[in-house]
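Residues per chain are reported as follows:
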Amino acid sequence: FTVGQAAYLLGRQQVLAQQIARSFMAVELRMEVHSYKNMLFEGVNLYNDNLKRLEDFYVNDEVAAAKDEMEEAWDDFYKMIMDAPKGEEVLELVNLAYDLLEKGDETIQALERYAIAEEGDKVDLTALKMLKMATRQNALSQHAVLYYLAFWNGVKVSDFFSRYYSVISEYEVNFADIA
């Protein structure tokens, strides 16, 4: 398993978690229930399969600790999905999805620090940074949809607009940095 392969899988995990939450919300809203149910179950299975693939990947203690925290966040998120939250509980799912996004990002950052320090000559650091940015952007766009779906699902979020615009703002700032 290379650093690049691990970074790709970790980034994929960030996006998958947001897609899983979005699919759950779409099922709750009765939007094309069959296709979103399939996406939900396929996403959960793929996330778990990817975790198994990453299980033996070890480069240093910092990356291992960050990966463990990401897996703990996944356990909380997965439990919430299985508990099938309704109404206001959906907001907790959105919060757990964001926490999982952040834990994934922290894991990728730890992997990037390792790559710079230990494998700078073996790893295309520019490609690694672009991969990190691209997966973060994709995950942020998925997360913005979660706020939107929660709002239209009748979830009363006192600071909904500030949360939503915070995610959109980060997305736009990151996009400007790419350009």
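Rules used throughout
- Residues numbered from 1 in each chain as written.
- Predicted model: local features only at pLDDT ≥ 70, side-chain atom pairs only at ≥ 80, totals over all residues.
- Heavy atoms only, no water.
- Helix = DSSP H or I, 4+ residues; strand = E, 2+ residues; numbered from the N terminus.
- Rg over C-alpha atoms; globule rule 2.2 N^0.38 Å.
- Buried < 20%, exposed > 50% of the residue type's maximum accessible area, 1.4 Å probe, protein only.
- Contact = heavy atoms within 4.5 Å.
- Areas by Shrake-Rupley, 256 points an atom, 1.4 Å probe, with all protein chains shown as cover.
- Lys, Arg positive; Asp, Glu negative; His and termini not counted.
- Charge placed at Lys NZ, Arg CZ, Asp CG, Glu CD.
- Axes fitted to C-alpha atoms, helices over the stretch in contact; angles between N-to-C directions.
- Parallel < 35°, antiparallel > 145°, perpendicular 65-115°, else oblique.
- Left-handed = near helix turned anticlockwise from the far one by under 90°.
- Expected span 1.5 Å × (residues − 1).
- Polar contact = N/O pair within 3.5 Å; in protein donor to acceptor, adjacent residues only side chain to side chain.

A. Quick peek at the overall build of the chain. From N to C terminus, the chain includes 6 helices and 0 strands. Helices (α) and strands (β) of the chain occur, in sequence order from the N terminus, as α-α-α-α-α-α. A compact globule built from 179 residues should have a C-alpha radius of gyration of about 16 Å, and the chain, at 17 Å, falls within 12% of that. Counting only C-alpha atoms and orienting by the principal axes, one finds that the chain spans roughly 50 × 35 × 25 Å. Residues counted as buried form 45% of the 179 residues belonging to the chain. Considering only intrachain contacts with a sequence separation of at least 6, the fraction spanning at least 24 residues in the chain is 76%. Within the structure as shown, the chain displays about 9,300 Å² of accessible surface, and the carbon and sulfur contribution to it stands at 53%. When the 17 positive and 31 negative side-chain charges of the chain are each reduced to one mean point, those points stand 5 Å apart.

B. Spatial organisation of the side chain of T107. Note that T107 resides in helix α4 (residues 89-118). Residue classification places T107 among the buried residues on the basis of a relative accessible area of 0%. In contact with T107, not counting residues within four places along its chain, are L10, V63, A66, K67 and M70.

C. Fine view of the packing of helix α1 (residues 3-28) against helix α3 (residues 61-82). Interhelical geometry of α1 versus α3 gives an angle of 15° and a closest axis separation of 11 Å. By the angle between their directions, the pair α1 and α3 is classed as roughly parallel. Crossing of α1 over α3 shows left-handed handedness. Every residue of α3 that contacts α1 at L10, A17, I20, A21 and F24 is listed here: M70, W74, F77 and I81.

D. Focus on α3. The first and last C-alpha atoms of α3 sit 31 Å apart over 22 residues, in line with the 32 Å expected at 1.5 Å per residue. Residues of α3 that are buried include every one of V63, A64, A66, K67, M70, A73, W74, F77, M80 and I81, and no others. Measuring from the backbone nitrogen of E62 back to the side-chain oxygen at the start of α3 gives 3.2 Å, which picks out N60 as the cap. Phi for A84, located one or two positions after α3, is positive at around 50°.

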